[in-house]
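Descriptive analysis of the structure
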Amino acid sequence: MKQEVQPLLRCPRTGQPLEPQGDGWLASRDGACRYPTIEGTPFLIDIERSVIDHYPQNSRTSSPVKRSAHQGLTAFAKRLVSPEKKSTRENIRRLVALLADRKRPKVLVIGGGTRGQGTEALYAAPDVEIIAFDIYLSDRVDFVADAHNIPLPDGSVDAVLVQAVLEHVLQPEQVVREIWRVLADDGIVYAETPFLQQVHEGPYDFTRFTDSGHRYLFRRFAMIDAGTSGGPGTQLLWSIDYFVRALFRSRTAGKIAKLAFFWLHYADRLIGDRDSLDTASGTYFLGRKSQESLGPRDIVRFYRGAQ
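For clarity, every value in this text was computed on a predicted model and none was experimentally measured.

Details of the overall build of the protein
A count of helices and strands for the protein gives nine helices and 11 strands. Relative to a compact globule of 307 residues, whose C-alpha radius of gyration would be 19 Å, the protein shows 20 Å and is just as compact. Seen through its principal axes, the protein has C-alpha atoms that stretch 60 × 45 × 35 Å. Buried positions account for 50% of the 307 residues belonging to the protein. Contacts spanning at least 24 positions in sequence make up 69% of the contacts within the protein whose residues lie at least 6 apart. When the accessible surface of the protein is split by element, carbon and sulfur atoms take 53% of a total near 15,400 Å². Side-chain charges in the protein split into 40 positive and 37 negative, and the spacing between the mean points of these groups amounts to 3 Å.

Have a look at this one:
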């Protein structure tokens, strides 16, 4: 954990400030809140209200979700079937540019246990302070937390990045309320969330959003931009993979089939945004914290697809 993050930490239940104790725990001054540090990383999850049901042991391999480290030929194959999205690179650059007039802006990365594709411009920005958390221990996180109860004060960060996370939380609206709360006035959010993707990460996968549903999820934000994050070609690759793995009861067979049809993702470049929205693999939203909100009739008028 970076030293400058410690003063920001709060109890996820009460919002009280937390201070280091001599026994390696963090606690509020009145003793009502008490949380362990695991290998120096604060573990700020309210176990009684989370899908995480226990404190991990001193191990950085205790993630409930197993993530493979791709190297060599497997890394090449991964890049072939799941290339970095141009829209992500461009939107992350826009996010950094929107923060350029702020002194040492703080960017909160939700799900920051691994670095997301296309986010290099953010991590390379010299004047940006990144605060990252996830639900598991990682060398990249400053603390472990559940996004339903972010252990930071109101208005404490300038931007939030939440990439490929909202499908894995039980209550996305609660998470977005927390994002709104921790953002400073005029703060920026950038989100990427699946629309037409099959289940991934097993029991930790819950929700999908259309373009309109994603916009309504972020209804308390003024939209800067929104669109597809992976179009119909990318979506078809997902379907081929999962169809073949189901047919042959083999995950490997699905991956081989996906590799054979890797070229389909190039079709996304041939299809316009309007025709992509109704059958996209995922959507993105870039917005600014607002005191106003979209209403039910507003979101019906917002529809931008081809139907």
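Back to the write-up after that little detour.
Observations concerning the side chain of Ser-290
Mapped onto the fold, Ser-290 is located in the loop between strand S11 (282-289) and helix H9 (296-302). Residue contacts for Ser-290: discarding those within four places in its chain leaves Trp-180, Arg-220, Phe-221 and Ala-222.

Examining the sheet that holds strand S5 (residues 106-110)
Strands sit in the order S1-S2-S3-S4-S7-S6-S5-S8-S9-S11-S10 across an open sheet of 11 strands; the sheet is mixed. At either end of the open sheet lies a strand with only one pairing partner, and these are strand S1 (19-20) and strand S10 (221-228). Both strand S8 (residues 157-163) and strand S9 (residues 183-194) contribute to a ladder of six bridges, which runs parallel. If you follow Ala-159 over to S9, its bridge partner there is Ile-188. Sitting on the sheet, helix H2 (residues 86-98) touches S8, S9, S10 and S11, and the angle it makes with S9 is about 175°.

Quick look at the nonpolar core
Membership of the largest hydrophobic core comes to 38 residues, with the highest contact counts inside it found for Leu-108 and Ile-110. Elements with a minimum of two residues in this core: S5, strand S6 (129-134), strand S7 (143-145), S8, helix H4 (172-182), S9 and S10. With five residues, H4 is the single largest residue contributor to this core. Apart from the residues lying within four places of it in its own chain, the contact partners of Ile-110 are Phe-133, Ala-147, Ile-150, Val-160, Leu-161, Val-162, Gln-163, Val-165 and Ile-179.

Topic: the pairing of S5
With four of five residues buried, S5 is to be regarded as a mostly interior element. Relative to S6, S5 runs parallel, the two being bridged by five bridges. Paired with Lys-106 across the two strands is Glu-129, which belongs to S6. Two strands pair when backbone bridges link them, and S5 and S8 are joined in this way by four bridges, in the parallel orientation. The residue bridging Leu-108 from the neighbouring strand is Val-160, located in S8.

Procedures and definitions
Residues numbered from 1 in each chain as written. Predicted model: local features only at pLDDT ≥ 70, side-chain atom pairs only at ≥ 80, totals over all residues. Heavy atoms only, no water. Helix = DSSP H or I, 4+ residues; strand = E, 2+ residues; numbered from the N terminus. Rg over C-alpha atoms; globule rule 2.2 N^0.38 Å. Buried < 20%, exposed > 50% of the residue type's maximum accessible area, 1.4 Å probe, protein only. Contact = heavy atoms within 4.5 Å. Areas by Shrake-Rupley, 256 points an atom, 1.4 Å probe, with all protein chains shown as cover. Lys, Arg positive; Asp, Glu negative; His and termini not counted. Charge placed at Lys NZ, Arg CZ, Asp CG, Glu CD. Pairing = 2+ DSSP bridges. Axes fitted to C-alpha atoms, helices over the stretch in contact; angles between N-to-C directions. Core = buried A, V, L, I, M, F, W, Y, C linked by side-chain atoms within 4.5 Å.

Keep in mind that these numbers describe shape and distance, not what the molecule does.
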